[in-house]
Amino acid sequence: QVQLVESGGGLVQAGGSLRLSCAASGTIFKINAMGWYQQAPGNERELVAAISGGSTYYADSVKGRFTISRDNAKNTLYLQMNSLKPEDTAMYYCAAGWRPIATMKVGYWGQGTQVTVSS
């Protein structure tokens, strides 16, 4: 089992920044990809960014604004979110699973952290 615990969400004004963190524990050697998904009310959960080794994937909606990174020594995944827009408002979920990263197969989910961007 892999446990994922997110932190770093909150309320921010449009144009501002937030950094989400996801601490992973357990049998993380069994996975080879991690990512961040967003889910707004009434919408499906969608992949916004993923990472595996030296490869990254970003949804078109966040390219140039969000950066995914991973600290392997700390088993922690990050999502730096800059130039935030009201449409970025959603629950953000950390996910762990398997390549390919653009269509990663998710085996484990975190509990989610809310990001709210005010206009």
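So, a few notes on the structure that sits alongside this text. (Residues numbered from 1 in each chain as written. Predicted model: local features only at pLDDT ≥ 70, side-chain atom pairs only at ≥ 80, totals over all residues. Heavy atoms only, no water.)

**A word on the state of the cysteines**
Argument step 1. Tallying each qualifying case throughout the model produces one disulfide.
Argument step 2. Put simply, Cys22 and Cys94 are joined by a disulfide, and their sulfur atoms are 2.1 Å apart. On the sign convention where negative means left-handed, the S-S torsion of about -80° between Cys22 and Cys94 marks this disulfide as left-handed. Linking Cys22 in strand β3 (residues 18–26) with Cys94 in strand β9 (residues 90–98), this pair joins segments that are 72 residues apart in sequence. Each member of the pair, Cys22 as well as Cys94, is classed as buried. (Disulfide = S-S within 2.5 Å. Helix = DSSP H or I, 4+ residues; strand = E, 2+ residues; numbered from the N terminus. Buried < 20%, exposed > 50% of the residue type's maximum accessible area, 1.4 Å probe, protein only.)

**Some remarks on unusual backbone geometry**
Argument step 1. The amide bond that connects Arg99 to the next residue, Pro100, takes the cis arrangement and shows omega of 10°.
Argument step 2. Take Pro100: it is sitting in the loop between β9 and β10 (105–109).
Argument step 3. Positive phi, close to 50°, is recorded for Asn75, a residue that is not glycine.
Argument step 4. If you trace the backbone, Asn75 turns up in the loop between β7 (66–71) and β8 (76–81).
Argument step 5. Judged by its relative accessible area of 28%, Asn75 is partly exposed.

**Observations concerning the environment of Val48**
Argument step 1. With respect to the helices and strands, the residue Val48 is situated in strand β5 (residues 46–52).
Argument step 2. The exposure class of Val48 is buried, given its relative accessible area of 1%.
Argument step 3. Between the C-alpha atom of Val48 and that of Asp60, which follows or precedes it by 12 residues, the distance is 8.2 Å.
Argument step 4. For Val48, the contacting residues outside a window of four places in its chain are Trp36, Tyr37, Gln38, Tyr57, Tyr58, Ala59, Val62 and Leu79. (Contact = heavy atoms within 4.5 Å.)

**Side note on the nonpolar core**
Argument step 1. Counting residues in each nonpolar core, the largest one holds 30 residues, and the members touching the most others are Leu4, Met34, Trp36 and Leu79.
Argument step 2. The next biggest cluster of nonpolar side chains, apart from the first, holds eight residues, and it includes Leu47, Ala50, Tyr93 and Ile101. (Core = buried A, V, L, I, M, F, W, Y, C linked by side-chain atoms within 4.5 Å.)

**Structural notes on the sheet that holds strand β1 (residues 2–7)**
Argument step 1. Pairing within the open sheet is antiparallel, and its four strands lie in the order β1-β3-β8-β7. Strand pairing shows two members of the sheet lacking a second neighbour, β1 and β7, which therefore form its edges. Here the average twist between neighbouring strands, direction ignored, is 15°.
Argument step 2. The sheet contact formed by β1 and β3 spans six bridges and is antiparallel. Pairing of Val2 across the sheet is with Gly26, part of β3. (Pairing = 2+ DSSP bridges. Axes fitted to C-alpha atoms, helices over the stretch in contact; angles between N-to-C directions.)

Honestly, that's just the spatial picture; any functional story needs more than this.
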